[in-house]
Amino acid sequence: METPPPQRLSGPRPALRHARTRHRGPRFALPNQDDETVSLPEEGIAVVYFYPRADTPGCTTEACGFRDAWDEYEDRGVHVFGISDDPVPALRTFADEYDLPVELLSDTDGEVSRAYDSYGEKNVFGNTVEGVFRNTYVVRDGEVVLAYEGVDPEDHAEQLLADIDAL
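Remember, predicted model here, so these are calculated numbers, not experimental data.

A.B. asks: What should I look at first to understand the pattern of salt bridges in this one?
C.D. replies: Once the charged atoms of two side chains with opposite charge are near each other, the side chains can pair. All chains considered together, the criterion is met by eleven salt bridges. Residue R27 is joined to E42 by a salt bridge in which the shortest nitrogen-to-oxygen separation is 3.2 Å. Of this pair, R27 sits in the loop between β1 (18-24) and β2 (29-31) while E42 sits in the loop between β3 (37-39) and β4 (45-50), and the two are 15 residues apart along the sequence. Judged by its relative accessible area of 43%, E42 falls in the partly exposed class. Notably, a salt bridge pairs E62 with R134, separated by 3.0 Å at the nearest N-O pair. Of the two residues, E62 is situated in helix α1 (residues 57-68) and R134 in the loop between β8 (127-132) and β9 (136-140); the sequence distance between them amounts to 72 residues. Judged by its relative accessible area of 1%, E62 falls in the buried class. According to the relative accessible area criterion, R134 is buried, its value standing at 16%. Residues joined by salt bridges that share partners form a network here, namely R24, R27 and E42.

Thresholds applied
- Residues numbered from 1 in each chain as written.
- Predicted model: local features only at pLDDT ≥ 70, side-chain atom pairs only at ≥ 80, totals over all residues.
- Heavy atoms only, no water.
- Salt bridge = Lys/Arg side-chain N within 4 Å of Asp/Glu carboxyl O.
- Helix = DSSP H or I, 4+ residues; strand = E, 2+ residues; numbered from the N terminus.
- Buried < 20%, exposed > 50% of the residue type's maximum accessible area, 1.4 Å probe, protein only.

So this is what it looks like as C-alpha cells:
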C-alpha cells in the first residue's frame, strides 16, 4: 500500500520553544539508514526529530543523546525517527560511526520536513540557504501532541522523556 504524500500541519506554528498542540501528524514513508522504508506508526508514541546534517557537531550531540537514553525510550515503547535531507549512504555512515539505534530517515526532497514545518530558508554562517530546521514533534496515536522549535541539542533527549512521562 502506497502512503499518500504528507499533508502540512494545520494551524499556526507554535511561537514557543515547546508547546502542547493537537495536529494530525503528517504521514510519511521514507528510507532509513538501511534503505528500508519506514512509516510513522498509527498507534503509540513516536518522537520525530528533524536535524540539518548528519555528522555535524549539533546533530551528533542530539543523535548521541537519543542513543545514550535509548533503553529508556525502549522501556516506554517510544519510536524515535531522526529526519534530515541527507542521502541514505550518509545516514548509514553516521549511524555506524556513532552506534545510533534510532531510525535515521532520508528526506532528500524535503517533502516530509516541509509537511512538519521543518524545512525552509535559514541563515547559515551569514548565507541564506534552504534546509532542515532543528525541530522535534511528539506524536501519540497519530496526533502531534508536543512541538519543539529551534531545539538545543544538548540534553534534548532526556528533556523529551520527562515531557513524554507528563502526557
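Once the structure has been displayed, the description carries forward.
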